[in-house]
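Breakdown of the fold
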Amino acid sequence: MTRFSAAAEDATKRLRDGMVGGVLSFPLTSFREDGGLDLAAYRAYLTAQLVSAPGAVFPACGTGEFFSLDEDEYRAVVGATVEIADGRLPVVAGIGYGWAQALRFARIAEEAGADAALVLPHYLVAAPQDGLVEQLRRIASGTSLPLIAYQRGQVAFTADSLRRIAEIPTVIGLKDGHSDLDRLQRLTLAAPDGFLFFNGASTAEIQARAYATVGVPAYSSAVHAFAPEIANAFFAALRDGDDARVTELLRDFYVPLVELRDRVPGYAVSLVKAAARLRGLPVGPVRAPLTDPGPDDLGALAKVLDDGLKVVGAVRRSD
């Protein structure tokens, strides 16, 4: 007998199938120049993104500036995503902060029709393992939405804690952002059959080959948010064992992108949004406390983007 709830079992199957067929897409949230949510622009942007057939879509997560959204904006973004996805692929909405606030977001996502939720690291404080487990138990007790835990920053599960959260009937997986492969291997070995794992490192493609060696081939792709041609080419090369192609894309695009990303805190999101604007996508600026790149970094980004698109035979803009 399955350990999952019926909803969790269905979400797990859909996500597993999606992971085999495409990258996990983390769309940007569109804002106006005055900082307000531009829902019409987001709908147009997401519609274009889904043409490239990602395996699943994760709205209002880190790349989507979850931390900058109020509840009404969150409801609008998740609702629009569910409507546009129209059942063609799983929708996993970001939730977070302490468990009480995370539950408020989870219930909004559930009402909007999301298939699952990604539990982003809690706010600010370090916590013992018992607290990390209890956080998930509290969230799971208040929503039937299937949950994926995200370990990053102050959240890092031990193998024993992984076993404990895996006993919660609606916790279906773990996204890892620590890139500690020794620890991750211990977690995968401690997990029950059917438990999902995701590579959630920043610019995850850089470490995708290494993660695959410990049984975690699925990964989130921020690059898909602005260059699905590159993201899909990398995914296909990795899936097909085309090491030469993987190395070419890493050398000519991903490594230069990461070197630029590491110049300024917050560029993991700001550069992604700037690259989308370079392609004419209607995403607008980032919200404070993030900052958009200045002219020098924007010029460097344009070169990195053009070099990557050249590798896959694409151009920055067709207009």
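Preceding this section is the structure that the text describes.
Residues numbered from 1 in each chain as written. Predicted model: local features only at pLDDT ≥ 70, side-chain atom pairs only at ≥ 80, totals over all residues. Heavy atoms only, no water.

What follows deals with the nonpolar core. Judged by nonpolar contacts, the single largest core of 111 residues is most densely connected at Phe58, Tyr74, Ile95, Leu118, Ile165, Val223 and Phe226. Ignoring sequence-local partners within four residues, the contact set of Phe226 consists of Gln49, Phe253, Leu257, Val272, Ala275, Ala276, Arg279, Leu281 and Leu305. (Core = buried A, V, L, I, M, F, W, Y, C linked by side-chain atoms within 4.5 Å. Buried < 20%, exposed > 50% of the residue type's maximum accessible area, 1.4 Å probe, protein only. Contact = heavy atoms within 4.5 Å.)

Glancing now at the packing of aromatic side chains. Enumeration according to the criterion identifies twelve aromatic pairs in this entry. Between Tyr97 and Phe105, the ring centres sit 6.2 Å apart and the planes meet at 40°, which makes this aromatic pair tilted. Aromatic side chains Phe195 and Phe197 sit 5.5 Å apart centroid to centroid with 65° between the ring planes, which places their arrangement in the edge-to-face category. Here the two residues Phe195 and Phe197 agree in accessibility, since each one is buried. (Phe/Tyr/Trp six-rings, centres within 6.5 Å; stacked < 30°, edge-to-face > 60°.)

What follows is about a nonpolar patch on the surface. A contiguous nonpolar patch, built from Tyr123, Leu124 and Val125 and spanning about 360 Å² of accessible area, is present on the exposed surface. Residue placement: Leu124 occurs in the loop between β4 (116–119) and α5 (129–142). (Patch = residues over 30% accessible without salt bridge, like charges linked within 9 Å, V, L, I, M, F, W, Y side chains within 5 Å. Areas by Shrake-Rupley, 256 points an atom, 1.4 Å probe, with all protein chains shown as cover. Salt bridge = Lys/Arg side-chain N within 4 Å of Asp/Glu carboxyl O. Helix = DSSP H or I, 4+ residues; strand = E, 2+ residues; numbered from the N terminus.)

Right, let's get into the pairing of strand β7 (residues 196–199). Of the two faces of β7, the one lined by Leu196 and Phe198 and the one lined by Phe197 and Asn199 are each fully buried. Here strand β6 (residues 171–176) runs beside β7; their pairing, made up of four bridges, is parallel. Bridge pairing in β7 links Leu174 to Phe197. Viewed along the sheet, the connection from β6 through helix α7 (residues 181–190) into β7 turns out right-handed. (Pairing = 2+ DSSP bridges. Right-handed = clockwise from strand over helix to strand, strands pointing away.)

In total, this model carries one cavity of 30 Å³ or more according to the counting rule given. As for the largest cavity, its lining consists of Val119, Leu120, Pro121, His122, Leu132, Gln135, Leu136, Ala149, Tyr150, Val155 and Phe157. Per-element tally for the lining of the largest cavity: the top contributor is α5, with three residues. (1 Å grid on protein atoms, 1.4 Å probe; cavity = no way out; pocket = protein on both sides within 12 Å on 5 of 7 lines; lining within 4 Å. Points joined across faces, edges and corners; volume = space filled by probe spheres on them.)

Here the focus is the packing of helix α10 (residues 243–261) against helix α12 (residues 295–311). Geometry of a packed helix pair, given as the angle between the helix axes and the separation of the axes. The interhelical angle for the contact between α10 and α12, taken along N-to-C directions, is 170°, at an axis separation of 9 Å. Here α10 is positioned roughly antiparallel relative to α12, judged by the angle of their axes. In contact with Arg245, Glu248, Leu249, Asp252, Phe253, Pro256, Leu257 and Leu260 of α10, α12 contributes Asp297, Ala300, Leu301, Val304, Leu305, Asp307, Gly308 and Val311. The residue makeup of the contact of α10 with α12, split by class, is ten nonpolar, one polar and five charged. (Axes fitted to C-alpha atoms, helices over the stretch in contact; angles between N-to-C directions. Parallel < 35°, antiparallel > 145°, perpendicular 65-115°, else oblique. Nonpolar A, V, L, I, M, F, W, Y, C, P; charged D, E, K, R; others polar.)

Our focus in this paragraph is α12. End to end, α12 covers 25 Å across 17 residues, agreeing with the expected 24 Å (1.5 Å per residue, within 8%). Where α12 is concerned, the buried positions are Asp297, Leu301, Ala302, Val304, Leu305, Gly308, Leu309 and Val311. Those residues of α12 that are buried lie in contact with α9 (228–240), α10 and α11 (267–278). At the exit of α12 stands Gly313, carrying a positive phi of roughly 75°. (Expected span 1.5 Å × (residues − 1).)

Counted under the stated rule, the structure contains 22 salt bridges. A salt bridge links Arg164 to Asp160, with the shortest nitrogen-to-oxygen separation between them at 3.9 Å. With Arg164 and Asp160 both in helix α6 (residues 159–166), this residue pair falls four residues apart, about one helical turn. For Asp160, a relative accessible area of 44% translates into the label partly exposed.

Looking now at the sheet that holds strand β2 (residues 56–57). Spatially, β2-β1-β8 is the arrangement adopted by the three strands of the open sheet, whose pairing is parallel. Two strands bound the open sheet, and with one partner strand each, they are β2 and β8 (220–221). Both strand β1 (residues 24–25) and β8 contribute to a ladder of two bridges, which runs parallel. Within β8, the position partnered with Leu24 by the bridge is Ser220.

Function cannot be read off these values alone, since they describe shape.
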